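# Reading the structure
This is what each chain is made of:
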Amino acid sequence: MGVEAHATNERVTGRRWTVRLDPVGRGRADVRVSCSRPACAAQVLPSAAGGRTAAIAHLKAHLRAGPAPRPSVHCACRAEECHTHIRPAGPRERPVPWRCGGAVVLAVITDREGRWWQVMECCSRCAAAHPTAKVVATAPAAEASARNDGFRADAPAPATPGGPAATTPTFSAISPQFSHSATATATGTAVPQQASAPRSAARSAPRSARPTRKRPPRGRIAQRLVPHDLRPVALRDELTELGELFRAYQARTEPDLAMLADLHARKAEAFNAWAEVTADTGLRLDARRAEQAAATARLQHLHRIGQAPDGEGPAVVRLLTAPAQWNHARAVLAHVGENAPLPGAEARLLVVMVTLRTAQSGVGNLVGQDIKGLPLQDPEHLVGQLVQSGWLGISGTVEELIASRPESPTRISVPSLTPDEDDPGPFTFGRKLRPKLSGWAQRVVGEKKLRKGKTGADVRLLALALATGADGEGLLGPGGEGIGLDALSSWCSVDPADLPDLVDRLTAADWLAEADVTDTLLTGRLTERVLPLGCPLT
């Protein structure tokens, strides 16, 4: 009898195998599908989507052709002693390993990214401990009950009604979806205790029928854990939901600033309530930062859709949208005013445009139309002067530069703008901003009414100066107090006595309104038509 008992207790560990989806190589799109079962050869698929489909089909084929879960096996995670199923502990509890119990099931576990699928023959309680487990087959409850009773040699074997037919496993009616995570809902079937079993065996048997008490998942928001015992419950639920919404927003492919502003506003309100409950100063500071983030996101959203912050009228949609870009534009104009190699308005205008083409690295491309589109009386002579002075370098001759077309531009260089180890150059903006600044200057200089009015280089230089010297409402000078005539005449490379005529030309071109020239100041405002070209003073 002892030999029979020993043979009965020699139960094997449950089966386990894994189907994986791995990249073939770095920078390649094809993937490899492999199975841990020795008879399965690896497959190479051209894409991740195709590999995932093949992996799921391979796993389902194993499930259809393989044997059902065996009710007499040990849980497959027995070798790990259930260390992967540690139940979360409360504030005053120690973590407790999950106990095995319930019927033997065949469960499929997957990771959240869909890179591997693992089939495990385990007990229903361990399957329920995995958040992504899906039970596809369950062993008969009667034999599971006999296994839970310990298969003692001195206890009579329980009667199995129905004979061998009762050992047929029951499969889930819903086919498993292995390509995404799903919380396991299948649990072990309740097993009635045998009336003839000894009381000691009944006391030692696992209570698989008793429902397992699970704590609700702990929420996380802004690197903070939401306590289980936080009251009121509505506040705890709001914080948990906000954390999930913020994580979902970060996974979006396109920003939605209106949604982000609403989330920050809700976060500020929830954190203020949380601070009132816990008297935590850090929460109040986080709430204040969330309020500021909500205001900033809402303002950015209004600017994007072209509305004023108060909602009363349309805002100005500017060509250069950020204060940093406006300051960089002013820095370029100031550098040209201080370092122009030749006198005169025409030379100053050409130097501005060439500087913006080469500002970031000291080199760039230029075509004949870029120069012939400027109001220059003798562009070839002027370019030749810049080359002779050493300020400008070109690949080829001046005639070839003037005749070059967009499909074959001329390479130019400005040595004073070329950075090196000792001198990073006069400008700090990057490669992405340089073409924006260059495009902005071309839009100002080549503005439609300035071209139709056949205005000269001095008028267009004044237009550049006023575009960068007005506030957000178009008023000239800091606080609308005007711009000094000496600064304007120096920048435009003209005599101060000539400025009133230039102002009249800009007024006729619908650039200026309410303009007034005194002995020292030019006051007025930019017209609404040209406000999008402005770089407001901040």
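Residues numbered from 1 in each chain as written. Predicted model: local features only at pLDDT ≥ 70, side-chain atom pairs only at ≥ 80, totals over all residues. Heavy atoms only, no water.

With that settled, consider a negative patch on the surface. A cluster of like negative charges, contributed by D378, E380, E399 and E400, occupies part of the molecular surface. By secondary structure assignment, the location of D378 is in the loop between α11 (368–372) and α12 (379–388). (Patch = residues over 30% accessible without salt bridge, like charges linked within 9 Å, V, L, I, M, F, W, Y side chains within 5 Å. Areas by Shrake-Rupley, 256 points an atom, 1.4 Å probe, with all protein chains shown as cover. Salt bridge = Lys/Arg side-chain N within 4 Å of Asp/Glu carboxyl O. Lys, Arg positive; Asp, Glu negative; His and termini not counted. Charge placed at Lys NZ, Arg CZ, Asp CG, Glu CD. Helix = DSSP H or I, 4+ residues; strand = E, 2+ residues; numbered from the N terminus.)

Turning our eyes to something else, we now look at the sheet that holds strand β14 (residues 410–413). Hydrogen bonds along the backbone pair up the strands of a sheet, which may run parallel or antiparallel. Strand order in the open sheet formed by 3 strands is β12-β14-β13, and the pairing between neighbours is antiparallel. The outermost strands of the open sheet, each flanked by one partner alone, are β12 (363–366) and β13 (393–394). Two strands pair when backbone bridges link them, and β12 and β14 are joined in this way by 4 bridges, in the antiparallel orientation. In the sheet register, L366 faces β14, and the bridge partner there is T410. Along the sheet, helix α10 (residues 345–358) makes contact with β12 and β14, crossing β12 at roughly 120°. (Pairing = 2+ DSSP bridges. Contact = heavy atoms within 4.5 Å. Axes fitted to C-alpha atoms, helices over the stretch in contact; angles between N-to-C directions.)

So, about the sheet that holds strand β15 (residues 483–484). One open sheet holds the 3 strands; their spatial order is β15-β17-β16, and the pairing between them is antiparallel. Each having just a single partner strand, β15 and β16 (512–517) make up the two edges of the open sheet. The strands touched by helix α18 (residues 499–508) are β16 and β17 (521–526); relative to β16, the strand with the most contacts, the crossing angle is about 165°.

What follows concerns the packing of helix α9 (residues 323–339) against α10. Running from N to C, α9 and α10 cross one another at 130°; their axes reach a closest spacing of 10 Å. In terms of their interaxial angle, α9 and α10 are classed as oblique. Along this stretch, α9 crosses α10, giving a crossing that reads as right-handed. When α9 is examined against α10, the residues V332, L333, V336 and G337 are found in contact with a partner set consisting of R348, V351, V352, T355 and L356. Across the contact of α9 with α10, the residue classes break down as 6 nonpolar, 2 polar and 1 charged. (Parallel < 35°, antiparallel > 145°, perpendicular 65-115°, else oblique. Left-handed = near helix turned anticlockwise from the far one by under 90°. Nonpolar A, V, L, I, M, F, W, Y, C, P; charged D, E, K, R; others polar.)

To continue, consider the pattern of salt bridges. Counting across every chain of the model gives 19 salt bridges. In this structure, the salt-bridge partner of R15 is E121, at a minimum N-O distance of 3.0 Å. Placement of the pair is R15 in the loop between α1 (2–9) and β1 (16–23) and E121 in strand β7 (residues 116–123), with a sequence separation of 106 residues. Relative accessible area serves as the criterion here: at 0%, E121 is assigned to the buried category. Where D22 meets R20, a salt bridge forms, and the shortest distance between an N and an O atom there is 3.1 Å. Residue class for D22 comes out partly exposed when judged on its relative accessible area of 22%. On the basis of relative accessibility, which here comes to 36%, the residue R20 falls in the partly exposed class. If you follow the salt bridges from partner to partner, you end up with R224, D280, D286 and R289 in one network. (Buried < 20%, exposed > 50% of the residue type's maximum accessible area, 1.4 Å probe, protein only.)

Let's shift gears to the confidence of the model for the chain. Confidence in the prediction of the chain, expressed as mean pLDDT, is 79, and 76% of residues score 70 or more. The secondary-structure element of the chain with the lowest mean pLDDT is strand β9 (residues 170–171), recorded at 41, while helix α16 (residues 457–467) shows the highest, at 94. Note that pLDDT drops below 50 for residues 142–205; the model gives that stretch 88 contacts with residues more than four away or on any other chain. (pLDDT = per-residue confidence, 0-100.)

Structurally, C122 can be placed in strand β7. Classification of C122 by relative accessible area gives buried; the value is 0%. Once the C-alpha coordinates of C122 and R70 are considered, the two residues, 52 residues apart in sequence, prove to be 9.5 Å apart. Sequence-distant contacts of C122, defined by excluding residues within four places in its chain, comprise C75, A76, A103, V104, V105, A107 and A127.

The next point concerns the packing of α10 against α16. Orientation of α10 relative to α16, taken along the N-to-C sense of each, is 50°, at an axis distance of 8 Å. On the basis of their axis angle, the class for α10 and α16 is oblique. Crossing handedness for the pair α10 and α16: left-handed. On the side of α10, the interface is formed by A345, E346, R348, L349 and V352, while α16 contributes A457, D458, L461 and L464. Considered class by class, the residues forming the contact of α10 with α16 number 6 nonpolar, no polar and 3 charged.

Using the criterion set out here, one finds 2 aromatic pairs in the structure. Ring centres of F427 and F429 lie 5.6 Å apart, and the angle between their planes is 25°; this geometry places the pair in the stacked category. For the pair formed by F427 and F429, the shared burial category is buried. The aromatic ring of F246 is capped on one face by K267, whose charged end is 5.8 Å from the ring centroid. Here the guanidinium or amino end of K267 rests over the ring plane of F271, the centre of that ring lying 5.4 Å away. (Phe/Tyr/Trp six-rings, centres within 6.5 Å; stacked < 30°, edge-to-face > 60°. Lys NZ or Arg CZ within 6 Å of the ring centre and 35° of its normal.)

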